[in-house]
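# Per-entry structural report
This is what each chain is made of:
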Amino acid sequence: MQIERPVYLQQLIDSKDNGLIKIVTGLRRVGKSYLLKTLFKKHLLSEGINKDHILIIDLEDRKYKDFRNPDYLLDWIEKQMIDDEQYYIIIDEVQRVDEFVDMLGSLAVKDNADVYVTGSNSHFLSSDIATEFRGRGDEIHVWPLSFKEFMTAYEGDVVEGWQEYYTYGGLPKILSIKGDDKKTTYLRNLYRTVYLKDIYERHEIENKAEFEELVRILASSVGSPINPTNLANTFKSVKRLNHITDKTIETYIGYLADAFMIEKAERYDIKGKKYIGTTPKYYFKDLGLRNVILAFRQTEENHLMENVIYNEMRHRGFLVDVGNVNIRLKTEDGKWQRVTLEVDFVCNLGSRRYYLQSAFRMPDEEKMEQEKRSLKQIGDAFKKMVIVGERMKLRRDDFGIVMTGIYEFLFDPRILDA
């Protein structure tokens, strides 16, 4: 089964021969190796690059054991580079090489070497990229399959595919596993033996039970504000754990973010044009992983749809925040009251901005007006859109607010500018 990843393949193509080390990051089992070793290699061959000028070293393969010695690896590469033509060097799981940063530095100074690497989360996290490569690296971050990518390989109709997607997520392997039990087992094993193991090995966490309890709390709170102080107080009052402080909570959340399991959406004051350093929201990069953490007990489609929309906009390259709009309303007794309304997502990419509301159901006019209320208060000219959890052709009201269905939104990126 070949699943195309056009967004990331294009990023690799655009970065080709730019003199930087291309560093492909992302959640474990998200398809980084497949992107490089299959899709990008296929592109290079189609461009007329000779096969012997594409050097692929898979350090998870036992036969490449000797290549974990940096001097051996560099010597082997130099022996393959027998002319002055450009060579494309792909190293999978580069962290298995001793002193891999120095080794990559040596490759980077070769005039005819274009270098691409992937790495394991436990040694090669997002924070490492900025620290270790300091201007020499070009990071390409890979997300799980978007719904559109998922459906290119799913054998069923779009409604069934949607249910499968928000239940079992977008890790590519899920599409080849048959049966709910086997999919659940696959995700559970990944969570416990790969993702948690990576974090525990890197950070030497002693309070494993408390850490996993926090992960469950975050998983059950998708779309809800997170306050570390309140969480710490809960641990103290309910669990009788005084050593789990707000700083501990923040540190643990940072570990999860660095491992690419979750991502923070900052809170932004739209009218004040400033960030508010309180109660951000967190979204899971893969919903199958989120659901298996909760043993599939909390799969409310409205919260999952909100997470999907967040991931989709990040997949498209947007920075995504949670918006606040502060207004003053007169109460029934004639007093003025300050009210804060929320915009689910403020999405920015260069000079482009979109305000998005996720509204799973719109049963009547009252609910429709409730969802549009915050958007009407913004007062600028950027596109404002309400996305509903059903099929709906694009429509626009007198305020310029656009409404569309979740399927239309996920399948057609151009709908943002319709």
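First, a word on what this report is: a plain description of the structure on this page.

### Regarding the sheet that holds strand β11 (residues 383-388)
The strand order β7-β6-β8-β9-β10-β11-β13-β12 describes an open sheet built from 8 strands, whose pairing is mixed. Unpaired on one side and paired on the other, β7 (274-284) and β12 (395-396) mark the two borders of the sheet. Of the strands in this sheet, β8 (319-330), β9 (336-349), β10 (352-359), β11 and β13 (402-405) touch helix α14 (residues 365-376), which is tilted by about 155° from β10.

### Points about the sheet that holds strand β2 (residues 54-58)
Strand pairing in a sheet relies on backbone hydrogen bonds, with the paired strands running either antiparallel or parallel. Read across the sheet, 5 strands follow the order β2-β3-β4-β1-β5 without closing on themselves; strand pairing throughout is parallel. Two strands bound the open sheet, and with one partner strand each, they are β2 and β5 (137-142). Averaged over neighbouring strand pairs, the angle between their axes works out to 15° when direction is ignored. The sheet contact formed by strand β1 (residues 21-26) and β5 spans 6 bridges and is parallel. Counterpart to I23 in the pairing with β5 is E139. Strands in contact with helix α3 (residues 70-80) are β2 and β3 (87-92); relative to β2, the strand with the most contacts, it is inclined by about 155°.

### Quick look at the nonpolar core
In this structure, W162, F211, L218, M261, L356, I406 and F409 are the most contacted members of the largest nonpolar core, which totals 98 residues. No other element matches the 9 residues that helix α8 (residues 180-203) contributes to this core. Counting residues in hydrophobic clusters, the runner-up holds 25 residues, among them I21, I57, M103 and V117.

Analysis parameters
- Numbering of residues begins from 1 in every chain and follows the order in which that chain's sequence is written.
- At least 70 in pLDDT is required for a residue's local features to be given in this predicted model, at least 80 for side-chain atom pairs to be given and counted, and no such filter applies to totals for whole chains, interfaces and linings, which use all residues.
- To obtain the side-chain values, all non-hydrogen atoms of the structure were included, while hydrogens and water were left out.
- Following DSSP output, two strands are said to pair if at least two bridges run between them.
- A helix here means a DSSP run of H or I that spans at least four residues, while a strand means a run of E at least two residues long, and both kinds are numbered starting from the N terminus.
- Contacts between residues were defined by any pair of non-hydrogen atoms, one from each residue, lying within 4.5 Å.
- Geometry is summarised by axes, namely lines fitted to C-alpha atoms with helices restricted to the contacting stretch, and by angles between N-to-C directions that run from 0 to 180 degrees.
- What is meant by a nonpolar core is a set of buried Ala, Val, Leu, Ile, Met, Phe, Trp, Tyr and Cys residues, joined one to another through side-chain atoms within 4.5 Å.
- Throughout this description, buried means an accessible area under 20% of the type-specific maximum (1.4 Å probe, protein chains only), exposed means over 50%, and partly exposed covers the range between.

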